[in-house]
Amino acid sequence: MATGVNIRTYFNGAWHEGDLPVMRAADHGMWLSGAVFDGARLAHGLVPDLDLHCARVNASARALMLEPVVAAPDMVQIIREGLRAYAPGAAVYIRPMYWGMDTGYMAIMPDPASTGFALCLEEIPLAPADASTTLTRTRFRRPVMENAVVNAKAACLYPNNARMLAEARAKGFGNALCADALGNVAESATSNAFLVRDGEVFTPVANGTFLAGITRARHISNLREAGIPVHEIALGFEDFHNADEIFLTGNMSKVTPVTAFDETSYEIGPITGRVREMYWDWAASSPL
């Protein structure tokens, strides 16, 4: 079942209306999870960092031993062509995808010469500016490079995130704050995490256990340009309990304020609001 409405699919060199079937039952991506994707956003008539999202899906494909078949600049143009079919002001989620089609060595490795590619556009509203969430700890952790392809936005990683969300929902919370293998905070089940303390911003250092997002990097750059200190360091759960503000960042919602972490409550603070404002101000001035 699709998440959004008004879906368009690019497959085999052409745009198609609707949620088009693209994968075969025997494709490597179907039965061995050899699939990657990325997500960009059309919102307010803007498509921030679209070029970086297209480049990252190609890098993710290579991490899964797939050979990208569309150069990132060409992908940008295909996406822009597909977005012209949407009404002005529409909010659209943009998802480029690769998957293994034929199997290679020992029927486990994908054959890099047979990589499937599709683009999916779905109309999904941007979350309201006053939307927020709550967090709880989860017993599930982020994997490391030695046992998972954490350097890719890979479909095979998401069942672990689903377990985190199921645990959080069962406890009455909206999202989960998870640890890495050493017990340091890594991210939430869906997004990168930030905290604010005494007017300064802190976020878990990218240590190879989680995808340090494109939107995360954009917020860090905007904050530093505005003269607000940002520290990328190892953080524990107590650091989040002691924060003045917490917010999550990702492509789907850009900035999501957190109003509770287990028994600790927070106000939606001024820096969280400023991060959102700076992001869209930057996006409006971006050439892409």
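Here, the structure is the one placed above.
Here the structure is a predicted model, which means the values were calculated and not measured.

Novice: Tell me about the packing of helix α2 (residues 50-63) against helix α3 (residues 72-83), and name the residues and values.
Specialist: As a packed pair, α2 and α3 sit with axes 9 Å apart at the nearest point and diverge in direction by 125 degrees. With respect to α3, the element α2 is oriented oblique. Here the hand of the crossing between α2 and α3 comes out right-handed. In contact with L50, D51, C54, A55, V57 and N58 of α2, α3 contributes A72, M75, V76, I79 and R80. Of the residues belonging to the contact of α2 with α3, the class tally is eight nonpolar, one polar and two charged.

Novice: Kindly report on the packing of aromatic side chains, identifying the contributing residues and their values.
Specialist: With the rule as written, the count across this model stands at nine aromatic pairs. Arranged with centres 5.0 Å apart and planes meeting at 5 degrees, the rings of F194 and F247 form a pair that is stacked. Placement of the pair is F194 in strand β10 (residues 192-197) and F247 in strand β13 (residues 245-249), with a sequence separation of 53 residues. The exposure class assigned to F247 is buried, which follows from its relative accessible area of 0%. Counting every residue linked through ring pairs, the aromatic cluster contains Y10, W15, Y98 and F117.

Novice: Provide a residue-level description of the pairing of β10, including the pertinent values.
Specialist: The buried fraction of β10 amounts to five of the six residues, a majority that puts the element mostly inside the structure. Where β10 lies against β13, five bridges are found, and the strand directions are antiparallel. Across the sheet, residue A193 finds its bridge partner in β13, namely L248. Bridge count between β10 and strand β11 (residues 200-204): three bridges; the pairing is antiparallel. In the sheet register, V196 faces β11, and the bridge partner there is V201. Hairpin connection between β10 and β11: a loop of two residues separates the two successive antiparallel strands, and D198 in this loop has a positive phi of roughly 55 degrees.

Novice: Provide a residue-level description of the pattern of salt bridges, including the pertinent values.
Specialist: Enumeration over the complete set of coordinates arrives at eleven salt bridges. One salt bridge in this structure joins R24 and D27, with 2.6 Å as the shortest N-O distance. For D27, a relative accessible area of 0% translates into the label buried. It is possible to trace a salt-bridge network through shared partners that takes in R24, D27 and D102.

Novice: Got a sec to walk through the layout of surface pockets? Specific residues and values, please.
Specialist: When its volume is computed, the largest pocket comes out at roughly 960 Å³. Around the largest pocket, the lining is made up of 41 residues, and of these K153, Y158, T190, S191 and M252 lie nearest the centre. Listed by contribution, the elements that provide at least two residues to the lining of the largest pocket are α2, β5 (92-100), α4 (158-170), β9 (185-188), α5 (214-225) and β13. Here the element with the most residues in the lining of the largest pocket is α4; it accounts for four residues. A per-class count over the lining of the largest pocket returns 16 nonpolar, 18 polar and seven charged. Considered as a void within the structure, the second largest pocket measures approximately 420 Å³ in volume. If you go around the second largest pocket, you meet 17 residues; those closest to its centre are V22, M23, F37, R95 and M97. No other element matches β5, which puts four residues into the lining of the second largest pocket. Looking at the lining of the second largest pocket residue by residue, the classes come out as 13 nonpolar, one polar and three charged.

Criteria and cut-off values
- Residues numbered from 1 in each chain as written.
- Predicted model: local features only at pLDDT ≥ 70, side-chain atom pairs only at ≥ 80, totals over all residues.
- Heavy atoms only, no water.
- Axes fitted to C-alpha atoms, helices over the stretch in contact; angles between N-to-C directions.
- Helix = DSSP H or I, 4+ residues; strand = E, 2+ residues; numbered from the N terminus.
- Parallel < 35°, antiparallel > 145°, perpendicular 65-115°, else oblique.
- Left-handed = near helix turned anticlockwise from the far one by under 90°.
- Contact = heavy atoms within 4.5 Å.
- Nonpolar A, V, L, I, M, F, W, Y, C, P; charged D, E, K, R; others polar.
- Phe/Tyr/Trp six-rings, centres within 6.5 Å; stacked < 30°, edge-to-face > 60°.
- Buried < 20%, exposed > 50% of the residue type's maximum accessible area, 1.4 Å probe, protein only.
- Pairing = 2+ DSSP bridges.
- Salt bridge = Lys/Arg side-chain N within 4 Å of Asp/Glu carboxyl O.
- 1 Å grid on protein atoms, 1.4 Å probe; cavity = no way out; pocket = protein on both sides within 12 Å on 5 of 7 lines; lining within 4 Å.
- Points joined across faces, edges and corners; volume = space filled by probe spheres on them.

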